[in-house]
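Given next are the chains, with one letter for each unit.
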Amino acid sequence: MGPTRHRIPRPLLVGIAALAGAALLAPAPAAARPGPGGKGDGPQHREGGSAAKELKDGAAAKAPAASAARALDSAAPPLQHGDAGYPRRTTLTVPAPNPADKSIKLGLTPYHSIAPKLNSLQKLGDRVSVEVAGKSAGGHDLYLVTLTAPESAKQSREQERMRERIENEPAAAAKDPRIKNTYKTPVFINNNIHGNEWEGTDASLKLIEQLAKANDARTDKLLAQNRIYINVTANPDGRIAGTRPNANGFDINRDFITATQPEARAIRQIAIDKQPAVMLDMHGYVNGTLIEPTTPPHGENYEYDLFLKNSYANALGMEAAVNGLGYTPAKDGVEPAIIPFRDQKEGWDDWPPIFTPQYMPFQGAVATHTIEIPLQVNNEEYDSQPVAELRRRSAINTDVAGAAIKAALNYTSTHRTSVIADQIETFRRGAAGAKQVPVSEETVPGVPGIGPEDVYTTEFPSAYVIPAGGSGQRSAVAAARLVDHLVANDVKVERALRGFRLGGKSYPAGSYVVDMKQSKRGVANVILAEGRDISADVSAMYDISGWSLGLLWGATVDKVKTGKVDVPGRTVHAASATGYVAPWGDLQLRLDDPKEITALNSLLADGVKVRRAADGTAIVPGGARGKAVRLADRYGVAFHATRTKGIAPIGRTRVAAAVSPGELFALREMGFDVTPVSTDVLNAGFDWKKADTLYVSADLEYGKLKPAAKAGLDGFLKEHGLVGLGGDGAKLNADAGLIAAKAVQGNGDANGVVKVDNSSGSPVTAGAPAHTFVFSPTWFTDLGKGVRADQSYAKAGEGSPLVSGHWRAGEDGKGGPKDAAGRASVVSGTSAQGADVVLFGTQPLFRAHPKGEFAQVARALYVTAG
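Calculation rules
For every chain, the first residue of its written sequence is number 1, and the numbers climb from 1 along that sequence. Local features in a predicted model are, by the rule used here, given only for residues with pLDDT of at least 70; side-chain atom pairs are given and counted only at 80 or more, and totals for whole chains, interfaces and linings are based on all residues. Hydrogens and water molecules were not included; the side-chain quantities draw on all heavy atoms of the structure. Secondary structure elements are taken from DSSP: a helix is a run of H or I of four residues or more, a strand is a run of E of two residues or more, and numbering for both begins at the N terminus. We take the radius of gyration over the C-alpha atoms and set the globule estimate at 2.2 Å times the residue count to the 0.38 power. Only protein chains enter the area calculation, which uses a 1.4 Å probe; residues under 20% of their type maximum are buried, those over 50% are exposed, and those in between are partly exposed. Note on contacts: a residue pair is in contact if any heavy atoms of the two residues lie within 4.5 Å. Only the protein chains shown count as cover for residues, with accessible areas throughout obtained via the Shrake-Rupley method and a probe of 1.4 Å. The sign given to each residue is positive for Lys and Arg and negative for Asp and Glu; His and the chain ends receive no count. The atoms used to mark charge sites are NZ of Lys, CZ of Arg, CG of Asp and CD of Glu. Pairing between two strands is assigned when DSSP locates at least 2 bridges connecting them. Two kinds of site are reported from a 1 Å grid over the protein atoms alone, namely cavities, where a 1.4 Å probe fits but cannot get out, and pockets, open sets with protein on both sides within 12 Å along at least five of seven lines, and residues are called lining when an atom falls within 4 Å of a point. Grid points are joined across faces, edges and corners, and a volume is the space filled by probe spheres set on the points. Residues are grouped as follows: nonpolar covers Ala, Val, Leu, Ile, Met, Phe, Trp, Tyr, Cys and Pro; charged covers Asp, Glu, Lys and Arg; every other residue, Gly included, is treated as polar. Pairing of aromatic rings covers Phe, Tyr and Trp, the last through its six-membered ring, and needs centres within 6.5 Å; plane angles under 30 degrees mean stacked, over 60 mean edge-to-face, and all others mean tilted. We define a salt bridge as a side-chain nitrogen of Lys or Arg found within 4 Å of a carboxyl oxygen belonging to Asp or Glu. Axis definition: a line fitted to C-alpha atoms, over the contacting stretch in the case of helices. Angles run 0 to 180 degrees between N-to-C directions.

Engineer: What am I meant to see in the overall build of the chain here?
Structural biologist: Of regular secondary structure, the chain possesses 27 helices and 34 strands. Relative to the globule expectation of 29 Å for 866 residues, the C-alpha radius of gyration of the chain, 27 Å, shows essentially globular dimensions. If one aligns the C-alpha atoms of the chain with their principal axes, the spans along those axes are about 80 × 70 × 60 Å. Expressed as a percentage of its 866 residues, the buried residues of the chain come to 61%. Put simply, 79% of the contacts in the chain that link residues at least 6 apart link residues at least 24 apart. On the chain, roughly 30,200 Å² of surface is accessible, and the fraction owed to carbon and sulfur atoms is 52%. Computed over 98 positive and 92 negative side-chain charges, the inter-centroid distance for the chain is 4 Å.

Engineer: How should I be thinking about the sheet that holds strand β1 (residues 128–135) in this particular structure?
Structural biologist: Two orientations exist for strands paired in a sheet by backbone hydrogen bonds: parallel and antiparallel. The strand order β1-β2-β4-β3-β5-β9-β6 describes an open sheet built from seven strands, whose pairing is mixed. The open sheet has two edge strands with one neighbour each: β1 and β6 (290–291). In terms of strand pairing, β6 meets strand β9 (residues 367–373) through two bridges, oriented antiparallel. Paired with L290 across the strands is E372, a residue of β9.

Engineer: Help me understand the layout of surface pockets in this model?
Structural biologist: The gaps of empty space that remain are located by a probe, the size of a water molecule, rolled over the atoms. Approximately 1,500 Å³ is the volume attributed to the largest pocket. Elements with a contribution of two residues or more to the lining of the largest pocket: α1 (65–73), α9 (262–274), α17 (476–488), α20 (594–605), α21 (625–635), α22 (661–669) and β24 (673–676). When residues of the lining of the largest pocket are assigned to their parent elements, the largest contribution, seven residues, is made by α17. By residue class, the composition of the lining of the largest pocket is 23 nonpolar, 14 polar and 13 charged.

Engineer: Quick question: what am I supposed to make of the packing of aromatic side chains here?
Structural biologist: The relative placement of two aromatic rings is captured by the distance of their centres and the angle of their planes. Within this structure, the stated rule accounts for 20 aromatic pairs. Between Y302 and F307 the ring centres are 6.1 Å apart and the planes differ by 25°, which places this aromatic pair in the stacked class. The pair Y302 / F307 is uniform in exposure class, with both members buried. Through a chain of ring-to-ring contacts, the aromatic side chains of F256, Y302, Y304, F307, Y359 and F362 assemble into a single cluster.

Engineer: Help me understand the pairing of strand β14 (residues 512–515) in this model?
Structural biologist: Every regular strand shows the same layout, with side chains that alternate between the two sheet faces. One ladder, built from four bridges, connects strand β10 (residues 463–466) with β14; its direction is antiparallel. When the bridges of β14 are listed, I466 appears paired with Y512. Sheet topology note: the strand β11 (residues 494–496)/β14 ladder contains two bridges and is antiparallel. Looking at the pairing, R495 lines up with Y512 of β14.

Engineer: Please explain the pattern of salt bridges as it appears in this structure.
Structural biologist: When the charged atoms of two side chains with opposite charge come close together, those side chains can pair. Going through the model one piece at a time under the given rule, you end up with 49 salt bridges. The residue E303 makes a salt bridge to R521 at a minimum N-O spacing of 3.1 Å. Of this pair, E303 sits in the loop between β7 (295–298) and α10 (304–323) while R521 sits in helix α18 (residues 521–528), and the two are 218 residues apart along the sequence. Looking at E303, the relative accessible area reads 9%, which means it is buried. Taking the relative accessible area as the measure of exposure, R521 reaches 3% and is therefore buried. The partner of K559 in a salt bridge is E530, with the nearest N and O atoms 3.1 Å apart. On the criterion of sequence distance, the pair formed by K559 in strand β15 (residues 558–560) and E530 in the loop between α18 and α19 (549–552) is long-range, its members being 29 residues apart. Owing to a relative accessible area of 34%, K559 belongs among the partly exposed residues under this scheme. Taking the relative accessible area as the measure of exposure, E530 reaches 32% and is therefore partly exposed. In the salt-bridge network here, residues are joined through shared partners; they are E158, R161, R165, E169, D176 and R178.

Engineer: Looking at this structure, I do not really get the sheet that holds β14. What am I missing?
Structural biologist: Sheet architecture is open: five strands sit in the order β15-β10-β14-β11-β16, paired in antiparallel fashion. Strand pairing shows two members of the sheet lacking a second neighbour, β15 and β16 (569–571), which therefore form its edges. Strand after strand, the sheet turns through a mean of 30° between neighbouring axes, direction not considered. Each of β10 and β14 touches α17; the most contacted strand, β10, lies at about 140° to it.

Engineer: Looking at this structure, I do not really get α22. What am I missing?
Structural biologist: Of all nine residues making up α22, eight are buried, and the element is well covered by its neighbours. Here α22 has its buried residues at P661, G662, E663, L664, F665, A666, L667 and R668. Against α1, β23 (654–658), β24, β25 (693–696), β26 (721–725) and α27 (854–864) lie the buried residues of α22. G671 lies just past α22 and shows a positive phi near 85°.

Engineer: Even after reading the chapter, I still don't get unusual backbone geometry, so can you show me in this structure?
Structural biologist: Peptide bonds are mostly trans, and most non-glycine residues show a negative phi. In this structure, Y285 follows G284 across a cis peptide bond, with omega equal to 10°. Mapped onto the elements of the fold, Y285 is located in the loop between β5 (278–284) and β6. Following P296, the chain continues to P297 via a peptide bond in cis, the omega torsion being 0°. Positionally, P297 belongs in strand β7. Its identity is not glycine, yet Q275 carries a phi of approximately 55°, on the positive side. Within the element layout of this structure, Q275 appears in the loop between α9 and β5. The class for Q275 is buried, based on a relative accessible area of 0%. A positive phi is found at R847, a non-glycine position, where the angle reads about 50°. Secondary-structure assignment places R847 in the loop between β34 (836–840) and α27. Classification of R847 by relative accessible area gives buried; the value is 7%.

Engineer: What exactly am I supposed to notice about the side chain of T653 here?
Structural biologist: Its location among the elements puts T653 in the loop between β22 (648–650) and β23. Under the relative-accessibility criterion, T653 is labelled buried at 1%. Ignoring any residue separated from it by four or fewer positions in sequence, one finds T653 in contact with F672, D673, D692, T693, L861, Y862 and A865.

Engineer: Explain the pairing of β34 here, please?
Structural biologist: Counting buried residues in β34 gives four out of five residues, a clear majority hidden from the surface. Strand direction decides the pairing type here: β26 and β34, joined by four bridges, are parallel. Looking across to β34, one finds that V723 is bridged to V838. As defined by bridge partners, strand β33 (residues 824–830) adjoins β34 across five bridges and the pair is classed as antiparallel. Opposite T830, over in β34, you have D836 as the bridge partner.

Interpretation in functional terms is not warranted from these geometric data alone.
Written out as structure tokens, the structure is:
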């Protein structure tokens, strides 16, 4: 092991407790634990032991369908580029006043006051520009402010050319004196991504006003040498409502790298278009102020030596600025600042690419930070503390946030030459296919305590190939989705103009090639690679540890480990069309992909009589060909000619769902008519005529139902079915006395990508991908008569099905992946009452992420609908 890290005189994050006691009427240490702050509820809580617990209270999701529709239909608008100078003024539409805005109680700026303030600030001079970077799931504008010295159109175009050269010609950019002398360093400040962590927004508004009004040489120099981009509030839905997630119930700071939500897509576009070298993400609440860089494990796809060099130095400056404000534990309840890399051993890592600061390095940032301001004002504190105390705390938090932001600007301005040089070097290594540089006290001088526990690197392959998907290939629509996602993340993808051989394998023309000698190889690899099993590396992780769009999105992805990539092709800006409709006869639609499910549900909603074939596909009458053409064009799905007549009708499936926000969103993405339910909803009286099947993974407890509600549910389950997921779904099945299957809970902290074996005869999992996602994995034993295993955890390697992620046995030696190997992960059967039941021990809809697994749940809903 490396040198022992310095320890702060408090437990690790996993043990920091909130201070108890009555309302604080006088200054005293405020409640401060990671629970309500930045990255979640701490590594021992994460999602409360179940993916269904994505809301802070673990309640079933109840987001309105309209917010899901907005999220699915919206794309980030193009940001203003270098074809105009600065300032670029926009007169923002002012929302109607909302006296219920939760910011008001804290003495902070309500959302409806931001637009008029920004309109006024633009008039103060020539330094402030504002544009709308997108809309939230709830339909609110996202405001992006640019602070810089005035530029002519010619000067702006030159800045854009230099930015593009840094990314696309990094070797030449490193020698370009214009870039060294005149390129403006981009800095990005992201605020309020968690809606009930407010004060970064107010600190930024104060900064904008100060810089707009300042009349001194230091400010002139700062704005002459830098562009400061400020996302004023990344989550206006949550800011208004006082909630962590957006209107869809999504924690946006978990939505990288899937980007299901419009707020995440807007931030992604800012990162691509503005290419920040330094980035802060303003959060709360950890006392003292927590300033990243993080504990191990560190993302293996980063140029971590360059990142740590800048992030640690910047953190020291922010720490000094925050501590220099003079707040004390005794007087103000404010503890000294914390730098996890230095002060803690594990539990606050930067491993997954789902957090905003952990995504930014893939787009060229060499210093990114989560900043957790100190004094809690949300959740229980918001409701229990006097207004005066809350406002005292929020004023201090605003002060702390402002100090951190100003210190980061000072670091960037002071080190602008080396910061840009390191960004260029990040891109150069990618373009050249250079090896990563492991961190050590020699390679990153000035950073104390670096040891082997901090070294995480990877071997980048030469290329990835996504084979051509003609209209007859099952994964064509999945391949197109994956290619479009790569392009959206600014990954260079080429489509082969003719057949070729690569890695000893032949591919047809039209196949997609990702040559890994490119500036943004890190984001390409983090999307396509299988990931890594880090179970043995650390005992505690902050959030999920495994992901792989290459394995979980339904497309075929081949890794070419070595060799020269010389494929005649052209760069694509979007995947080629995959939709197809046969010109004659009845039509067959596969149901392997969520877009195929969406197309089917659209047909059913239009009253088309669809039948299910023995192989699980859908048979669409030829008379619906016109509708099929429109759906094939919209979703890229294929309708092939068939003479099969089908064995049973498929009806419009209305779903009563007690599920997590991610699951609810995924069901709506597939076009299901979903009515959210819960224990409380059923007890209040629920009309079961609204539903054809029930899906439960959260907050529906049979034992807590009132007699009338229980009788209603029992009556429904005599004619209709149940899809249950995880512990809550399995418990409802057992309590209602449906099918015999004993649910065994694995380690509650386990998560990742696992290999599975699918039953070829199953209407639920036949033809499903060989990998899926787990979070708090469950498996089933003691299957009763007529209950079958539709899917099982594979016996891979040394008996472990885990491919990537973090899954250990518990302290008792049980609940690990070896215990799950070969056990049923999905089971189905028919109860004595006549209910068709499907139980999942996996998480095929987790955070609307594993797109290739969605169809399993859809098929289960069709099977169980009576």
